[in-house]
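Survey of secondary and tertiary structure
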Amino acid sequence: MHFTSKNYEKCFFIICLVLAALLLFYNLGDRFIGPTDEAYVVERSQEIIKIGYPGDLQVSLVTLPHLYLTSLSVLVFGLNQFSIRFVSAVFGILFLVLYFVFLKENVKDRKTRIIAFLLVIFSTLFYLHARHGRYYSMLMFFSLLTIFFFIRFMKNRKNSMLPFIISSVILFYTHAEVGIYLIAGLFLFSIIERRNNIKNIFSPFILIGIFSLPLIILWLYSRQTLSPLSSVFNTGFLLLNIASGVFYLLVFFLPPAIVVLGLYLVKKNKINWRKLSTEHRLFLTIIITILVLSSLISVTGPISIRKLIVLLPLASILIAYVISQMFFARKNNAMKFLGFIILIILVFTNFINIIPLNFIRNVDLGSYATQEVTDRFLSRSLQPRYYFFDYLYEATHHYEYSSESVIKVVSQTYVKGDKIFLMSNYVPPQAFVMYLNASQENIISRNNLSELNESYRWIIIDNATTSPNANLDLYINTAKYEIFTVHNTGEQWSEFPDPVHHRFSPEQNGYILIYKKI
């Protein structure tokens, strides 16, 4: 077979896809379901299997597609770590296939396509989210699918409006918040690009709104996101959300793009931004719209910004475009070399990310300068990391969580039907249900000791200064219990996709106390 450029790109895609499949599925079932959002998925999937719908319907409604598919996975593979994460990993592969098609259709330059795909295929952020048993990779897939059909609709492609409406509605039911942000960006772009022909662009957005309005109302009501809006005017809150948003959305494209543009201006080898393609203008509109809306509306802090992983493909295309322009610099080997260096740094480190964001260390965040913000974001996220190498270590090594250690201690003498009193930030009730085949009714999770009595065979309490666990003798006769200690010290890997810093040290809780009735 004659090896053409077209065949070359297909071979490149197949090799990348095989690599991604290995990195996504290797040790996928060898990670404990600890006190994370995955425990929530375990509980909801069991409810769906048992009664046909999730018990926490008001909140679950925004992630129903993922929950029902995960329930199907549990029915096929049984209740285990692999089945909880299987759907997410599969949608990670589907996203990469769609991304390849998306690039072929919407990015003319082959160098830009290849660089953009490399930035995603080696992205630690992508794998951390796609290996997590939640909706992130499904959200990435339907967000990109919606943009894909929107571009076709704007180009007046035949039979493109209906797929655009369907993918948008599914996106809303995968995650209402991101659906609102993304559709708002698309609508804004439509008005800008077709301001002389607005009537023809209204119909799909009206239909999307009609099918999604009940969900939007329920989401806003349950989250109470817009009531009140006083936090919008908190300078510290805005600075924190914008800074963490820029970091999380890995619009790592922004810092290097500014640097590279400056170099081009100095070298008088300018990029003509006025002649950006329609697709590039669309990507910028979406990124800016989502950044602004998520910073203004979302009030749950920087951790909630994880959903901005949906901007990974768009950000990767834009930075790939900038780097490819460096490669095209005629008779300028220094510029080409710099392009390679920037590409390597972006793939294997977070150096370019953290340098421009270090300024927030000295910003007064006001009421949002909490211990969690200071420890998790300011102190930990702005440390040098080696992204892809870090991920390879994380994916190929076994490590034990504190909750896993607790389960091992209890499982040695646990008898089905034992009642367990939990007052722990590290051990969720779902862990006992899943690993000990326990009944949910027998796992009581409480924030205080007032309901504690000797009917519980097991009492599990964090020995943290924030937990009122010093006077157990007031509620039970401790002489009747044997005490075990699980240490929770040293560096561990986070149990949720934490793009800024997925290692952490549990400083607050030194150990977990386990009381077993003799």
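This write-up is about the structure you can find in this document. (Residues numbered from 1 in each chain as written. Predicted model: local features only at pLDDT ≥ 70, side-chain atom pairs only at ≥ 80, totals over all residues. Heavy atoms only, no water.)

1. Regarding the overall build of the protein
Looking only at helices and strands, the protein features 21 helices and seven strands. Split into buried and exposed, the 518 residues of the protein put 55% on the buried side. Considering only contacts in the protein between residues 6 or more positions apart, those separated by 24 or more positions represent 78%. When the accessible area of the protein is evaluated, it comes to approximately 23,000 Å², of which 61% is carbon and sulfur surface. (Helix = DSSP H or I, 4+ residues; strand = E, 2+ residues; numbered from the N terminus. Buried < 20%, exposed > 50% of the residue type's maximum accessible area, 1.4 Å probe, protein only. Contact = heavy atoms within 4.5 Å. Areas by Shrake-Rupley, 256 points an atom, 1.4 Å probe, with all protein chains shown as cover.)

2. What about helix α8 (residues 136-154)?
The end-to-end C-alpha distance of α8, which contains 19 residues, comes to 27 Å, matching closely the 27 Å that a straight helix rising 1.5 Å per residue would cover. In terms of burial, α8 is a largely internal element, 18 of the 19 residues being buried. Two residues or fewer past α8, Asn-156 is found with a positive phi of approximately 60 degrees. (Expected span 1.5 Å × (residues − 1).)

3. Some points on helix α20 (residues 402-411)
The buried count for α20 comes to eight of ten residues, which makes it a mostly enclosed element. Among all positions in α20, only Ser-402, Ser-403, Glu-404, Ser-405, Val-406, Ile-407, Val-409 and Val-410 are buried.

4. A few points about the sheet that holds strand β4 (residues 481-487)
Here we have five strands laid out as an open sheet, ordered β2-β1-β3-β7-β4, and mixed in their pairing. Edge positions in the sheet fall to β2 (443-445) and β4, since each has one partner strand and no second. For this sheet the average axis-to-axis angle between neighbouring strands, irrespective of direction, equals 15 degrees. (Pairing = 2+ DSSP bridges. Axes fitted to C-alpha atoms, helices over the stretch in contact; angles between N-to-C directions.)

5. Overview of the nonpolar core
Membership of the largest hydrophobic core comes to 90 residues, with the highest contact counts inside it found for Phe-117 and Phe-126. Examining the composition of this core, we find that 15 residues originate from one element, α8, more than from any other. Tyr-401, Val-406, Leu-422 and Val-427 belong to the second-largest nonpolar core, a separate cluster that totals 23 residues. (Core = buried A, V, L, I, M, F, W, Y, C linked by side-chain atoms within 4.5 Å.)

6. Some remarks on a nonpolar patch on the surface
Judged by side-chain polarity, Ile-49, Leu-69, Leu-72, Leu-75, Val-76 and Phe-77 come together as a nonpolar surface patch covering roughly 550 Å² of accessible area. Broken down by element, the nonpolar patch gets its largest block of residues, five residues, from helix α4 (residues 64-77). By the secondary structure assignment, Ile-49 is in helix α2 (residues 37-51). (Patch = residues over 30% accessible without salt bridge, like charges linked within 9 Å, V, L, I, M, F, W, Y side chains within 5 Å. Salt bridge = Lys/Arg side-chain N within 4 Å of Asp/Glu carboxyl O.)

7. Focus on the environment of Ile-309
Mapped onto the elements, Ile-309 comes out in the loop between α14 (278-297) and α15 (312-327). A sequence separation of 184 residues divides Ile-309 from Leu-125, and the C-alpha atoms of the two residues are 7.6 Å apart.

8. Some remarks on the environment of Ile-217
Within the element layout of this structure, Ile-217 appears in helix α11 (residues 199-223). Between the C-alpha atom of Ile-217 and that of Ala-176, which follows or precedes it by 41 residues, the distance is 9.8 Å.

9. So, the pairing of strand β3 (residues 458-462)
Across the five residues of β3, five count as buried, placing the element largely inside the fold. Here β3 shows a buried face lined by Trp-458, Ile-460 and Asp-462 and a second buried face lined by Ile-459 and Ile-461. Relative to β3, strand β1 (residues 420-423) runs parallel, the two being bridged by four bridges. Looking at the pairing, Met-423 lines up with Ile-461 of β3. Where β3 lies against strand β7 (residues 511-517), five bridges are found, and the strand directions are antiparallel. Among the inter-strand pairings, Ile-461 is bridged to a residue of β7, identified as Leu-513.

10. Points about the pairing of β1
Judged by which residues are buried, β1 turns out to be covered on both faces: Ile-420 and Leu-422 on one side and Phe-421 and Met-423 on the other are all buried. Sheet analysis places β1 next to β2, joined by three bridges and oriented parallel. Opposite Leu-422, over in β2, you have Ser-445 as the bridge partner. Handedness of the β1-helix α21 (residues 429-435)-β2 crossover: right-handed. (Right-handed = clockwise from strand over helix to strand, strands pointing away.)

11. Overview of the packing of aromatic side chains
Counted under the stated rule, the structure contains 31 aromatic pairs. Centroid distance Phe-13 to Phe-100: 4.1 Å. Interplanar angle 25 degrees. Geometry classified as stacked. Separated by 87 residues along the polypeptide, Phe-13 in helix α1 (residues 5-25) and Phe-100 in helix α5 (residues 81-106) bring together distant segments of the chain. Considered together, Phe-13 and Phe-100 belong to a single accessibility category, that of buried residues. An angle of 10 degrees between the planes, with centres 4.3 Å apart, marks the rings of Phe-32 and Tyr-435 as stacked. Taken as a pair, Phe-32 in the loop between α1 and α2 and Tyr-435 in helix α21 lie far apart in primary sequence, 403 residues in all. Seen from the ring of Tyr-40, Arg-44 lies directly overhead, with NZ or CZ sitting 4.6 Å from the centre. The lysine or arginine in question, Lys-419, covers the ring of Tyr-456, its NZ or CZ lying 4.8 Å from the ring centre. (Phe/Tyr/Trp six-rings, centres within 6.5 Å; stacked < 30°, edge-to-face > 60°. Lys NZ or Arg CZ within 6 Å of the ring centre and 35° of its normal.)

12. Description of the pattern of salt bridges
For side chains bearing opposite charge, pairing can occur when the charged atoms are close. The full count for this structure, using the stated rule, is twelve salt bridges. Between Glu-38 and Arg-85 there is a salt bridge whose closest N-O contact spans 2.6 Å. Here the residue Glu-38 occupies a position in helix α2, and Arg-85 occupies one in helix α5, the gap between them amounting to 47 residues. Here Glu-38 and Arg-85 have matching classes, each one buried. A salt bridge links Glu-43 to Arg-44; its shortest N-O distance comes to 3.5 Å. Taking the relative accessible area as the measure of exposure, Arg-44 reaches 5% and is therefore buried. In this structure, a network of salt bridges that share partners links the residues Glu-9, Lys-104 and Arg-113.

13. Some details on unusual backbone geometry
Unlike most non-glycine residues, Asn-27 shows phi in positive territory, near 60 degrees. Relative to the assigned elements, Asn-27 resides in the loop between α1 and α2. A positive phi angle, near 55 degrees, is found at Asn-437, a position not held by glycine. Look at Asn-437 and you get partly exposed, because its relative accessible area is 49%.

14. Focus: the packing of α5 against α8
Where α5 contacts α8, the axes come no closer than 8 Å and their chain directions differ by 25 degrees. Between α5 and α8, the angle is such that the two are roughly parallel. Relative to α8, the crossing made by α5 is left-handed. Residue-level inspection shows Val-87, Ser-88, Phe-91, Gly-92, Leu-94, Phe-95, Leu-98, Tyr-99, Val-101, Phe-102, Glu-105 and Asn-106 of α5 in contact with α8, the latter providing Ser-137, Met-138, Met-140, Phe-141, Phe-142, Leu-144, Leu-145, Ile-147, Phe-148, Ile-151 and Arg-152. (Parallel < 35°, antiparallel > 145°, perpendicular 65-115°, else oblique. Left-handed = near helix turned anticlockwise from the far one by under 90°.)

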